[in-house]
Amino acid sequence: GAGVSQSPSNKVTEKGKDVELRCDPISGHTALYWYRQRLGQGLEFLIYFQGNSAPDKSGLPSDRFSAERTGESVSTLTIQRTQQEDSAVYLCASSFSVGGGYTFGSGTRLTVV
Amino acid sequence: ELKVEQNPLFLSMQEGKNYTIYCNYSTTSDRLYWYRQDPGKSLESLFVLLSNGAVKQEGRLMASLDTKARLSTLHITAAVHDLSATYFCAGGDRDDKIIFGKGTRLHILP
């Protein structure tokens with residue numbers, strides 16, 4: 001695709017429910033990153049993929065968070081048993097290679113009520 | 001672990017003035033990025049700086065990198081209202097994570 005596509009763009013969920021966020025990177029981009037941005041804050045690194053493998057999962061806040069990537073394309077970020085502090089915008093970015101310029105998607109705004 | 005610090009975090013300035021945003025980072029980084037974010041929007045890539053002494057310019061914005069000082073600057077020349085946004089710098093650490101600063105919220109008064 002022409003850009004990084006994230007879905008849904010907005011998600012409101014009840015506390016305790018599971019949510020799945022999707023990222024479609026630019027075709028051919030091997031590196032993919034997930035970030036979390038709370039209101040008025042900077043970007044918090046969550047996880048990145050090089051191809052289908054995730055060399056660094058250290059940014060995932062807790063074991064309720066997991067991510068996977070298949071076919072060197074789509075990635076999903078899953079949050080189980082959501083809590084109110086999970087409310088944030090979740091941003092995905094991709095790049096042709098690690099170290100290159102990164103293109104960000106528009107994000108998924110998650111609200112846990 | 002790479003840490004990235006920006007200053008100032010908030011800047012209000014008059015149109016037509018010049019100013020510089022500073023980005024310091026704590027450990028060796030082989031690449032430095034600058035992004036712009038408008039309210040409610042995603043991040044737009046401005047510059048990628050890959051070597052010591054690199055300087056890149058786009059319109060009224062100029063970014064530079066001094067790897068010895070572990071410092072990057074984003075200089076704004078003759079600011080205009082359209083440049084009001086939040087500007088982030090980010091560095092690539094040796095494990096290939098991209099670590100962001102907290103951002104500089106720039107408000108340009110007409």
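Data block above holds the structure.
Conventions adopted
- Residues numbered from 1 in each chain as written.
- Chains lettered and ligands numbered in written order.
- Predicted model: local features only at pLDDT ≥ 70, side-chain atom pairs only at ≥ 80, totals over all residues.
- Heavy atoms only, no water.
- Helix = DSSP H or I, 4+ residues; strand = E, 2+ residues; numbered from the N terminus.
- Rg over C-alpha atoms; globule rule 2.2 N^0.38 Å.
- Buried < 20%, exposed > 50% of the residue type's maximum accessible area, 1.4 Å probe, protein only.
- Contact = heavy atoms within 4.5 Å.
- Buried area = accessible area lost by both parts, 1.4 Å probe.
- Salt bridge = Lys/Arg side-chain N within 4 Å of Asp/Glu carboxyl O.
- Polar contact = N/O pair within 3.5 Å; in protein donor to acceptor, adjacent residues only side chain to side chain.
- Nonpolar A, V, L, I, M, F, W, Y, C, P; charged D, E, K, R; others polar.
- Pairing = 2+ DSSP bridges.
- Core = buried A, V, L, I, M, F, W, Y, C linked by side-chain atoms within 4.5 Å.
- Phe/Tyr/Trp six-rings, centres within 6.5 Å; stacked < 30°, edge-to-face > 60°.

Participant: For the overall build of chain A, give the residues involved together with the corresponding values.
Facilitator: In terms of helices and strands, chain A carries 0 helices and 11 strands. Counting from the amino terminus, helix and strand elements in chain A follow one another as β-β-β-β-β-β-β-β-β-β-β. The C-alpha radius of gyration computed for chain A amounts to 13 Å, which stays within 12% of the reference 13 Å derived for 113 residues, consistent with globular compactness. Here the C-alpha coordinates of chain A stretch approximately 35 × 25 × 25 Å along the principal axes. Across the 113 residues in chain A, those meeting the buried criterion constitute 50%. Counting only contacts in chain A whose residues sit at least 6 apart along the sequence, the fraction spanning at least 24 positions is 54%.

Participant: Residue-level account of the interface of chain B and chain A, with values.
Facilitator: How large an interface is tends to be reported as the accessible area lost when its parts come together. The interface of chain B with chain A comprises 20 residues on the first partner and 21 residues on the second. Interface area lost by chain B to chain A is led by Ser 42, Lys 97 and Phe 100 of chain B, which between them contribute 30%. The tally of links from chain B across to chain A stands at 1 salt bridge. The salt bridge partner of Asp 56 of chain A is Lys 97 of chain B, with a shortest N-O separation of 2.9 Å. Where chain B meets chain A, there are 5 residue pairs in polar contact (both at pLDDT 80 or more). Mapped by element, the contributors of at least two residues to the side of chain B that touches chain A are β4 (32–37), β5 (43–49) and β10 (98–100) of chain B. In terms of residue class, the side of chain B that touches chain A is made up of 9 nonpolar, 5 polar and 6 charged.

Participant: Break down unusual backbone geometry for me, with residues and values.
Facilitator: Omega for the bond connecting Ser 7 of chain A with Pro 8 of chain A falls within 30 degrees of zero, at -10°, which places this linkage in the cis form. In this fold, Pro 8 of chain A is placed in the loop between β1 (5–7) and β2 (10–13). A cis amide bond links Asn 7 of chain B to the next residue, Pro 8 of chain B, at an omega of -5°. With respect to the helices, strands and loops of the structure, Pro 8 of chain B is situated in the loop between β1 (4–7) and β2 (10–14). Phi angles above zero are rare outside glycine, and Arg 70 of chain B is one such case at about 55°.

Participant: Which residues make up the pairing of strand β11 (residues 104–109) of chain B, and what are the values?
Facilitator: Residue and element names in this part refer to chain B. Here β11 shows a clear split, with Thr 104, Leu 106 and Ile 108 buried on one side and none of Arg 105, His 107 and Leu 109 buried on the other. Sheet topology note: the β2/β11 ladder contains 5 bridges and is parallel. Directly across from Leu 11, in β11, lies its bridge partner Leu 106. Pairing of strand β9 (residues 85–92) with β11, which is carried by 3 bridges, proceeds in the antiparallel orientation. Across the sheet, the residue bridging to Thr 86 is Arg 105, located in β11.

Participant: Residue-level account of the nonpolar core, with values.
Facilitator: Tyr 35 and Phe 104 of chain A together with Trp 34 and Phe 100 of chain B are the most contacted members of the largest nonpolar core, which has 44 residues in total. It is β9 of chain B that provides the largest number of residues to this core, a total of 5 residues. The contact partners of Phe 100 of chain B, leaving out residues within four places of it in the chain, are Tyr 35, Leu 43 and Phe 104 of chain A together with Val 4, Tyr 35, Leu 43, Phe 88, Cys 89 and Ala 90 of chain B. Core analysis: the second largest hydrophobic core is formed by 19 residues, Trp 34, Phe 65, Tyr 90 and Val 112 of chain A among them.

Participant: Please set out the packing of aromatic side chains residue by residue, giving values where relevant.
Facilitator: Under the criterion given, the structure shown has 13 aromatic pairs over all chains. For the pair Tyr 33 of chain A and Tyr 102 of chain A, a centre-to-centre distance of 4.9 Å together with 90° between the ring planes defines the contact as edge-to-face. Of this pair, Tyr 33 of chain A sits in strand β4 (residues 31–37) while Tyr 102 of chain A sits in the loop between β9 (88–95) and β10 (103–104); the two residues are 69 residues apart in sequence, bridging distant segments of the chain. The same class applies to Tyr 33 of chain A as to Tyr 102 of chain A, namely buried. Through pairs of rings, three or more aromatic residues link up here, namely Tyr 33, Tyr 35, Phe 45, Tyr 48, Tyr 102 and Phe 104 of chain A together with Tyr 33, Tyr 35, Phe 88 and Phe 100 of chain B.

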